[in-house]
Amino acid sequence: MYRVLRRLECTPKNVHLETRNIASTSKLIVFDKDGTLLSFDKPWLAWCSRLKSGLADATAKAVEQDMTRILRNMGVDMNKEEIGLGRFAECSQREVRRELTEGFSATLQRVSKDEELASDIIDSCRKEGDGKFPLTDVKTLFHDLKKRDYKIVIATADCDQGIDMFLDDNFIREQVDFVMSADNHTDFPPKPSKISADKLCERFGVDSSNVVMVGDTPTDIQFGLNGEYGLVVGVTTGVGSAQDLNMAGAHVVLDDLSELISVLEDSHIGNSGLD
């Protein structure tokens, strides 16, 4: 059973889903993505692993190329596996060691300051399939919410690339009415901004008392509270524990999303829905 903590009154494919001409609605539900709808650990641990390997490979390649050049300048041809006249053969090992150390250090400094290289590596770490770790049957959940006349928003700190994968991997693009992402923070400051919480209500013509927020972190909970949303639901499927979410002020805490529809129908927000 879910835990009631406060008595209820009972895109172009780049994911900026364009604002649709939506008639004023009375109900809106806002979901966090990672840790709420999608596993946080599986895709992001895979991303971190790819990032670590990519940076190691890029650094190793840069070091190899630079050291090959430095050795060649000293008289060592690694491709031909030959040592000729030059500082390597004619200088003391102390001098050779110093020159190699300086060259190696310069390479690492150059690579560490190469922001374009780092950016390219980070961008390449997102892979198709990263969105295929849902924490529930998202398509069915969203279908059930649509039957109950909810408009659906995803409010996430992720960028458009990751959101696109999630929407397409779970076949829910057409069910989502708006995405608040890291790439539209100019218009919608990141959670827990009250400005964004209020703007979502304005966008859909919904009174804040008829908005539901669902998330796995205290930031998500605070977002809903800042917007004075009628129902703020915490889920323990992500990084926040039940205690974390309770202390943040969640109205209800769920172990997962399987009971969300029941919670909505027990609240004043869901009473007008379909059975």
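Above this text you will find the structure in question.
The present account deals with the structure reproduced in this document.

1. Focus: the overall build of the protein chain
Point 1. The helix and strand inventory of the protein chain stands at 10 helices and 9 strands.
Point 2. When the accessible area of the protein chain is evaluated, it comes to approximately 14,400 Å², of which 51% is carbon and sulfur surface.

2. A few points about the pairing of strand β8 (residues 231–235)
Point 1. Of all the 5 residues making up β8, 5 are buried; the element is thus mostly covered by neighbouring parts of the structure.
Point 2. Alternating positions in β8 separate into two faces, Leu231, Val233 and Val235 on one and Val232 and Gly234 on the other, with burial throughout.
Point 3. Examined bridge by bridge, strand β7 (residues 211–215) and β8 share 4 bridges and lie parallel to one another. Note that in β8 the partner of valine 214 across the bridge is valine 233.
Point 4. Note on the crossover from β7 through helix α8 (residues 218–226) to β8: the handedness is right-handed.
Point 5. One ladder, built from 3 bridges, connects β8 with strand β9 (residues 252–254); its direction is parallel. Residue pairing across strands places glycine 234 opposite valine 253, the latter belonging to β9.

3. Here we look at helix α6 (residues 160–169)
Point 1. α6 sits mainly inside the fold: 8 of its 10 residues count as buried.
Point 2. Three or more residues of α6 are buried, namely Asp160, Gly162, Ile163, Asp164, Met165, Phe166, Leu167 and Asp169.
Point 3. Buried residues in α6 make contact with α5 (138–147), β5 (151–155) and β6 (178–180).
Point 4. Looking one or two residues beyond α6, the residue adopting positive phi is phenylalanine 171, at roughly 55 degrees.

4. A closer look at the layout of surface pockets
Point 1. Approximately 210 Å³ is the volume attributed to the largest pocket.
Point 2. Taken together, 16 residues form the lining of the largest pocket, with Asp32, Thr156, Ala157, Lys191 and Asp220 sitting closest to its centre.
Point 3. Taken together, the residues of the lining of the largest pocket sort by class into 6 nonpolar, 4 polar and 6 charged.

5. Quick notes on the pattern of salt bridges
Point 1. Tallying each qualifying case throughout the model produces 11 salt bridges.
Point 2. Among the salt bridges present, the one from aspartate 66 reaches arginine 69, with a minimum N-O distance of 3.9 Å. Of this pair, aspartate 66 and arginine 69 are both found in helix α1 (residues 41–73), 3 residues apart, which corresponds to roughly one turn of the helix.
Point 3. Note on aspartate 66: relative accessible area 11%, which makes it buried.

Calculation notes
Per chain, the residues get numbers from 1 upward, laid out in the order the sequence is written. Only residues with pLDDT of 70 or above have their local features reported here, since the model is predicted, and side-chain atom pairs are shown and tallied only from 80 upward, although totals for entire chains, interfaces and linings are computed over all residues. Note that the side-chain values use all heavy atoms of the structure and ignore hydrogens as well as water. Strands are runs of DSSP state E lasting at least two residues, helices are runs of H or I lasting at least four, and both sets are numbered from the N terminus onward. Only the protein chains shown count as cover for residues, and all accessible areas are computed by the Shrake-Rupley method using a 1.4 Å probe. Burial here depends on accessible area, computed with a 1.4 Å probe over protein chains only, as a share of the maximum for the residue type. Under 20% is buried, over 50% is exposed, and the range in between is partly exposed. What makes two strands pair is DSSP finding at least two bridges between them. For a crossover, the right-handed case is the one in which the path from the first strand over the helix to the second runs clockwise, viewed with the strands pointing away from the viewer. Throughout, a residue-residue contact means that at least one pair of heavy atoms, one from each residue, lies within 4.5 Å. Here a cavity denotes grid points, spaced 1 Å and computed from the protein atoms alone, that fit a 1.4 Å probe unable to get out, and a pocket denotes an open set having protein on both sides within 12 Å along at least 5 of 7 lines; residues with an atom within 4 Å of a point are the lining. Grid points are joined across faces, edges and corners, and a volume is the space filled by probe spheres set on the points. Each residue is assigned to one of three groups, with Ala, Val, Leu, Ile, Met, Phe, Trp, Tyr, Cys and Pro labelled nonpolar, Asp, Glu, Lys and Arg labelled charged, and all others, Gly among them, labelled polar. Salt bridge, as used here, is a side-chain nitrogen of Lys or Arg placed within 4 Å of a carboxyl oxygen of Asp or Glu.

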